[in-house]
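What the coordinates show
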Amino acid sequence: MMNKILGARYQLGEMIGTGGMADVYIAQDQRLSREVAVKILRSDLAKDPTFVSRFRKEAKAAAGLNHPGIVAVYDSGEDPAPYIVMELVSGHTLRELIHGGERLPLDRALEIGSGILEALDYSHQRGIVHRDIKPANVMITNKGDVKVMDFGIARAMDDLGATLTSTWNVVGTAQYLSPEQALGEVADTPTDIYSTGCLLYELLTGRPPFSGETPVSIAYQHVSGALVPARQVQPDLPESVEVVLTVALAKKPENRYASANAMLLDINKIRAGQNISTKVARAPLASRRTVIVTGLVVLVIGVAAVLGLSLNGGSTPSLGNAIPNVVGLTEIEARALLSDYTVTVQRAPDPRIPNDRVASQIPLATTQATKGSAVTLTISKGPGDAIVPDDLVGMSLIDARASLAAAGLVIAKTEAAPSDEVQGTVLSVTPQPGSTITAGSGVVLTIASGEVEVPNLIGVEAIQAKTLLIQAGFLVREFNDYDATQSVGVVIRQAPDAGTTQTIGKPVTITINKAP
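Below is a summary of the structure that appears in this document. Only a predicted model underlies this, so the values are computations on that prediction, with no experimental measurement involved.

Core analysis: the biggest nonpolar cluster contains 51 residues, and Leu94, Ile112, Ile116, Phe151, Leu203, Leu204 and Met263 have the highest contact counts within it. Listed by contribution, the elements that provide at least two residues to this core are α2 (94-99), α3 (106-125), β8 (138-141), β9 (146-148), α7 (189-205), α10 (239-248) and α11 (260-271). Two domains each provide a minimum of three residues to this core, namely domain 1 (3-85) and domain 2 (114-270). In contact with Leu204, not counting residues within four places along its chain, are Arg103, Leu106, Ala109, Leu110, Gln234, Leu237, Val241 and Leu245. Core analysis: the next-biggest nonpolar cluster, separate from the first, contains 29 residues, Leu12, Ala81, Leu392 and Val443 among them.

Time to look at unusual backbone geometry. What you tend to see is this: most non-glycine residues have negative phi, and most peptide bonds are trans. Cis geometry marks the peptide bond from Thr430 to Pro431, where omega comes out at 0 degrees. Residue placement: Pro431 occurs in the loop between β15 (426-430) and β16 (436-438). The phi dihedral of Ser33 falls on the positive side, at around 50 degrees, and the residue is not glycine. Tracing the chain through its elements places Ser33 in the loop between β3 (22-29) and β4 (34-41). Residue class for Ser33 comes out partly exposed when judged on its relative accessible area of 48%.

This brings us to the packing of α3 against α7. Viewed as axis vectors pointing N to C, α3 and α7 meet at an angle of 165 degrees, and their least axial separation amounts to 10 Å. Put simply, α3 runs roughly antiparallel to α7. In the crossing of α3 with α7, the sense of the turn from one axis to the other is right-handed. Of α7, the residues touching α3 (which contributes Leu106, Ala109, Leu110, Ile112, Gly113, Ile116, Leu117, Leu120 and His124) are Thr189, Asp192, Thr196, Leu199, Leu200, Leu203 and Leu204. Residue composition of the contact of α3 with α7, by class: 11 nonpolar, four polar and one charged.

Analysis parameters
Residues numbered from 1 in each chain as written. Predicted model: local features only at pLDDT ≥ 70, side-chain atom pairs only at ≥ 80, totals over all residues. Heavy atoms only, no water. Core = buried A, V, L, I, M, F, W, Y, C linked by side-chain atoms within 4.5 Å. Buried < 20%, exposed > 50% of the residue type's maximum accessible area, 1.4 Å probe, protein only. Helix = DSSP H or I, 4+ residues; strand = E, 2+ residues; numbered from the N terminus. Domains from an automatic or database assignment. Contact = heavy atoms within 4.5 Å. Axes fitted to C-alpha atoms, helices over the stretch in contact; angles between N-to-C directions. Parallel < 35°, antiparallel > 145°, perpendicular 65-115°, else oblique. Left-handed = near helix turned anticlockwise from the far one by under 90°. Nonpolar A, V, L, I, M, F, W, Y, C, P; charged D, E, K, R; others polar.

This is how it looks when you write it as C-alpha cells:
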C-alpha cells in the first residue's frame, strides 16, 4: 500500500495513524504539489455496496463544507478501497489530550467547546449532522485551533448496520452516544449537541458523564441513568457551566439547546463573565412516577433497541414479527426477548464477545419470522485460540491487517526495517506464522521501511529537483531564499543532505534561489 499512487494523483507516504475503521497516510498531491492526509477505510467496507454508495454521497457533501473549524475534505475515491483525501493538520486529537491526563483550565475547555459548536452550527445550517462527535474526531492544531473531522465517514457509517455488541471494543464511542441513538431513533442536530455536552463534561470534570465495562451498559445509562452533576465531581465549576451541561445532556432532544448556536452563545457569555438565562427543563411529577414504576420494563425494551443500533444511530427499532437483536445479552436475557420463538443454544469461542454472552444469532435480527419458529443462538465461550496466518510475509500492511482480522487477531504494533522490498511489505511476524495464540491478541509485524538515498539537488533547477524527489517517493517541502552567487531558480540548500538515507514518504526540504 505504501508508495502507491491513488487515483493517479496521490502518492502515499508514511502512515501517521491507524484505527479500527481506517489507516491514515501522509500523501503528496502530485497535481497541486501539496501534502495531504489520505484516510483509507477498511477493505471489508468496500465489499458493502450500500456503504460504498452512501460513502460516495456523503464524502461529496462533506467536501462542500468550507469552514476553518472543519478539517477540509478535498477528494474521495474507491480504489483499492474507499478513501478520502483531507487537509493535513499538524497537531493532535482531543482524545490524545484527554488520555494524557492533562487538566485544562476552565476557559480553555470552554474555548474548545466553542470551536466544536461553531463548526457544528455551520454544518447544521447546511443540513449536515455529524452524528459521531467524540474526542478522536476533534483535532487541536499546533497553534491551538479546533478542527472537527470525519463528517462524511460518520454519516456514511450509518448504513453499515454494525451493532455495538458485534464490535465490543467501541466503549469509547458509546460514551458519547445520545439517548436517541441508543434507542435506534433518528439522529438529528440534537444528537450532536448531546455528544458535545458529553465531551465538554469530560473536559471539565476529567471523566465522561456515563461509563461502564461494556457499550451496552453505557448505552443503558444514556437512556435512563441519572447524570451526576458536574459540580459534584468538580466543585470549583461555576453554576452557569452546570446549567449548560445539564441542558445539553437532557434525555429528551426537545429539552436540549434548540441549536448549536444557542449553546455556543451561552458558553461565550460564561467566558465573558456574563450571566445566562437558560433554564433546565423539569419533567412533570406524574411523568417521573411513571418512569420509576415502569423502569424495569423500559430497561428490558432498551436492551433490544440498544443492541440493534448502528454505531452512529439511524437504525429503526424492530416491530411486529421482526426478530429482536440479542447479541451481547446473557442467555436468560436473550430467552426473555425471544419468548415467542423456539430457542436452540450452542457454544463456541469468540474473540469479540465476553464469555457467556450471545455472540451470534440465526436468523439475523430484524428478520421477519412467524411465532414459534426456530432461533439458534451461539453463546461465547470467551476468546478461545487463533492461529497466526502463514501467508502474511510478503503482504502489504493493509492486506495483512485484513488477514489477521479474519483469523481473529489484531496488529499490536509495526516495526520498520531496511529492505529492498516495497515500503510497507511485511518482512516477518511475531509470534511465528502457524503459532496458536489467544484469539483477540496482537502480533508484531516487521515491515519494510523503504529507506532510500537522498539525491544531490544542489544547483539543480527547482522543477527538476521536485521531479527527482517525487519519483524517489519523497514529499517535497519548499522554501525560498536569495544567494547572489548562485543562479536564480536552482536549489541552494537541502535537508537531509545528499547521500543520507531517508524513509520513502518522508519530506525532503529544498531552498530555491529566488531574486528579491
